[in-house]
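Structural overview for review
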Amino acid sequence: MRRPALPGIVLGPWSALAEQASAIRFKVFVDEQRVPRDMELDEFDALSCHALARIGEQAVGTGRLLPDGHIGRMAVLEPWRGRGVGAALLEALIGEARRLGMPILALNAQTHALGFYARFGFVPKGPQFDEAGLPHQAMEKRLTDD
């Protein structure tokens, strides 16, 4: 029995990863989840560290780490969900945040993904809210014991 291939994760600036990352984000957020097209790309893309998951040469997932410690735009193409791609992306972004010395990470999780983020130590903060027409929950993870 063959084991599924684990994704290779590339970290880099938007200038290097925009073409593949934006294609994934538009497929997942705009096409599947009906997020308004004009909300998908923003001024934070150029400021963020982006992660791109690849299986072979195919880009299958993406996420970003903003300079203030927010993780966002986590997206995995449908055929690759449940195969460790999201976990590999999140681990890479957490690792980069640690490398940069960020004390706390924050994210706004879609409520269906709360369990996924909880497995990595993220805890809910405050009430649930609507973002782009989808229910979300703010979550945080402390990286230091300070």
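Before going into details, it helps to say that this report is about the structure given with it.

About the thresholds
Residues numbered from 1 in each chain as written. Predicted model: local features only at pLDDT ≥ 70, side-chain atom pairs only at ≥ 80, totals over all residues. Heavy atoms only, no water. Helix = DSSP H or I, 4+ residues; strand = E, 2+ residues; numbered from the N terminus. Rg over C-alpha atoms; globule rule 2.2 N^0.38 Å. Buried < 20%, exposed > 50% of the residue type's maximum accessible area, 1.4 Å probe, protein only. Salt bridge = Lys/Arg side-chain N within 4 Å of Asp/Glu carboxyl O. Core = buried A, V, L, I, M, F, W, Y, C linked by side-chain atoms within 4.5 Å. Contact = heavy atoms within 4.5 Å.

1. What about the overall build of the chain?
- Looking only at helices and strands, the chain features four helices and eight strands.
- Each helix and strand of the chain, ordered N terminal to C terminal, gives the series β-α-α-β-β-β-α-β-α-β-β-β.
- At 15 Å, the chain has a C-alpha radius of gyration in line with the 15 Å of a compact globule built from 146 residues.
- If one aligns the C-alpha atoms of the chain with their principal axes, the spans along those axes are about 40 × 35 × 30 Å.
- Every one of the 146 residues in the chain was classed for burial, and the buried ones make up 46%.

2. Notes on the pattern of salt bridges
- One pass over the structure, following the stated rule, counts eight salt bridges.
- Residue Arg25 pairs with Glu40 through a salt bridge whose shortest N-O separation is 2.7 Å. A residue pair is termed long-range when its members are at least 10 positions apart, and Arg25 in helix H1 (residues 14-32) and Glu40 in helix H2 (residues 37-40) qualify at 15 residues.
- We classify Arg25 as buried; its relative accessible area is 1%.
- Through salt bridges that share partners, Arg25, Glu40, Asp42, Asp45, Arg64 and Arg73 make up one connected network.

3. Comments concerning unusual backbone geometry
- Phi is positive for Arg73, which is not a glycine, with a value near 55°.
- Even without glycine at this site, Ala132 takes up a positive phi of about 55°.
- Within the element layout of this structure, Ala132 appears in the loop between strand S7 (129-131) and strand S8 (134-142).

4. Section: the nonpolar core
- Residues Ile71, Leu90, Leu105, Tyr117 and Phe122 are the most contacted members of the largest nonpolar core, which totals 41 residues.
- When residues of this core are traced back to their parent elements, those giving at least two are H1, strand S2 (49-55), strand S3 (58-65), strand S4 (70-76), helix H3 (85-99), strand S5 (104-110), helix H4 (114-118) and S8.
- Residues in contact with Leu105, not counting those within four places in the same chain, are Leu65, Gly69, Ile71, Ile94, Ala97, Phe122, Met139, Glu140, Lys141 and Leu143.

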